[in-house]
Amino acid sequence: MDENLIKRRWMVREEELDEDQYKVRTLRPDNYVIDGCAGSGKTILALHKAKEIQDNNEGTYLLVMFTKTLEAFIKDGISSLELSPDCVCTVDQLDNKGYGQADYIIVDEVQDLTLKQLEKLISMANKYILFFGDNAQKLYKKGTLLEDVKNFAAIPSSNFKTLKYNHRLPIQIAQFAQYVSSIPTDIVSRCVKQDGTKPVILEFSTELNEMSYIANMIRNEGWLDVGILVNTNERVQQLVNYFSSIGLTVEYKYDKKVNGRDRTYQNLDFFTPKPKPKIMTYHSSKGLQFDHVILPMCDVNGGQKYRMQEALYVALTRASVDLTVTYTASSLSPYIKRIPSNKNLYTYHKM
């Protein structure tokens, strides 16, 4: 798989939008909340709406992403649609870089914004504001459900729209992931991809065996577009150090406290001519997608500032081709254990 093929796989052209996506793309100017499950194309539509505003000379716009990783991931879409990079930012950059008023504010992953952040964004919109989100992917306890966003922003019910289809997940992965969601959601009936492979769960005796197997699998399969997702920054570091020790080049993103302050270490490049496996936390993977997703050391850690069950659901729903979950002896996440073993939803192997 070459670089251009990987870049094209997520960015959908206007003529490729499904019926519901096109309806959102052509909505008349107004305030809206757009509800879309994982893989429904929310980020793509946010870019297309910015393109429409720009092409029609409707005014200025600001596209607000939730994470720096997602901002980096969509650079190709920004370039291909000839949008201005200066009109795209993360929530944290609103204050840090001094962004001010814009005629249109477009917000992705709104379910993780606080009411205070929502109030700020609404005050920045000279004309209209457009929110995209999914309650099932709400990671922060202080985040806001879409229905509450609608009420807080005084958006009429007629302007609460839903994207029906999931274009990313094969139905086999959707059936697996749906059991993990803490909020009742039906992503299975929304699946466009009916053909795929069942997720695989692998149990290992030691973490060293687990990491060694993953490295060999990536090498033997020749995988390029791989997301290796774990629940903590410390485990990102652990995997990076191990892969480095055996000569497997990877890209990564993790946070670490240095002298009492958070510092980010990352070398992610989504557009390198030779794609490399990418390692990051569940949280950092929000909004991204990979052909092959691997979740090593898939236990549960409740010491995070975000909700672990929902974060795991986000990680599972990044896969567009296949999904592998690995863990070490008896430490499998209870959220994975709840998936019925008698419904033939996954393949299990003790290694």
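This report concerns the structure included in the present document. Quick caveat, the model's predicted, so the values are computed rather than measured.

1. Observations regarding the packing of aromatic side chains
Counted by the stated rule, this structure contains eight aromatic pairs. Centroid distance Y104 to Y128: 5.9 Å. Interplanar angle 45 degrees. Geometry classified as tilted. Note that Y104 is positioned in strand 4 (residues 102–107) and Y128 in strand 5 (residues 125–133), a separation of 24 residues in sequence. Taking the relative accessible area as the measure of exposure, Y104 reaches 8% and is therefore buried. Seen in terms of ring centroids, F176 and Y346 are 5.9 Å apart; in terms of plane orientation they differ by 85 degrees. Their pairing is edge-to-face. In this pair, F176 sits in helix 9 (residues 171–178) while Y346 sits in the loop between helix 13 (334–337) and strand 16 (347–350), placing the two residues 170 residues apart along the sequence. One aromatic cluster is present, built from ring pairs that chain together Y252, Y254 and Y265.

2. What to know about the nonpolar core
Counting residues in each nonpolar core, the largest one holds 90 residues, and the members touching the most others are I105, F131, L295, L316 and I336. Here this core gets seven residues from one element, more than from any other, and that element is helix 12 (residues 308–316). Other than its neighbours up to four places away in sequence, I105 contacts L62, V64, L121, M124, A125, Y128, I129 and L130. I228, F243, V250 and M297 belong to the second-largest nonpolar core, a separate cluster that totals 20 residues.

3. Some points on the sheet that holds strand 4
The strand order across the open sheet formed by six strands is 3-2-4-5-1-6, and the pairing between neighbours is parallel. In this open sheet, the two edge strands, each paired with only one partner strand, are strand 3 (88–90) and strand 6 (160–163). Going across the sheet, the axis of each strand differs from the next one's by a mean of 20 degrees, ignoring polarity. Sheet topology places strand 1 (residues 32–36) next to strand 5; four bridges connect them, and they run parallel. Paired with D35 across the two strands is G133, which belongs to strand 5. The sheet strands contacting helix 7 (residues 115–124) are strand 2 (61–65), strand 4 and strand 5, and the helix crosses strand 5 at an angle near 140 degrees.

Conventions we followed
- Residues numbered from 1 in each chain as written.
- Predicted model: local features only at pLDDT ≥ 70, side-chain atom pairs only at ≥ 80, totals over all residues.
- Heavy atoms only, no water.
- Phe/Tyr/Trp six-rings, centres within 6.5 Å; stacked < 30°, edge-to-face > 60°.
- Helix = DSSP H or I, 4+ residues; strand = E, 2+ residues; numbered from the N terminus.
- Buried < 20%, exposed > 50% of the residue type's maximum accessible area, 1.4 Å probe, protein only.
- Core = buried A, V, L, I, M, F, W, Y, C linked by side-chain atoms within 4.5 Å.
- Contact = heavy atoms within 4.5 Å.
- Pairing = 2+ DSSP bridges.
- Axes fitted to C-alpha atoms, helices over the stretch in contact; angles between N-to-C directions.

Spatial relationships are all this shows, so hold off on functional conclusions.
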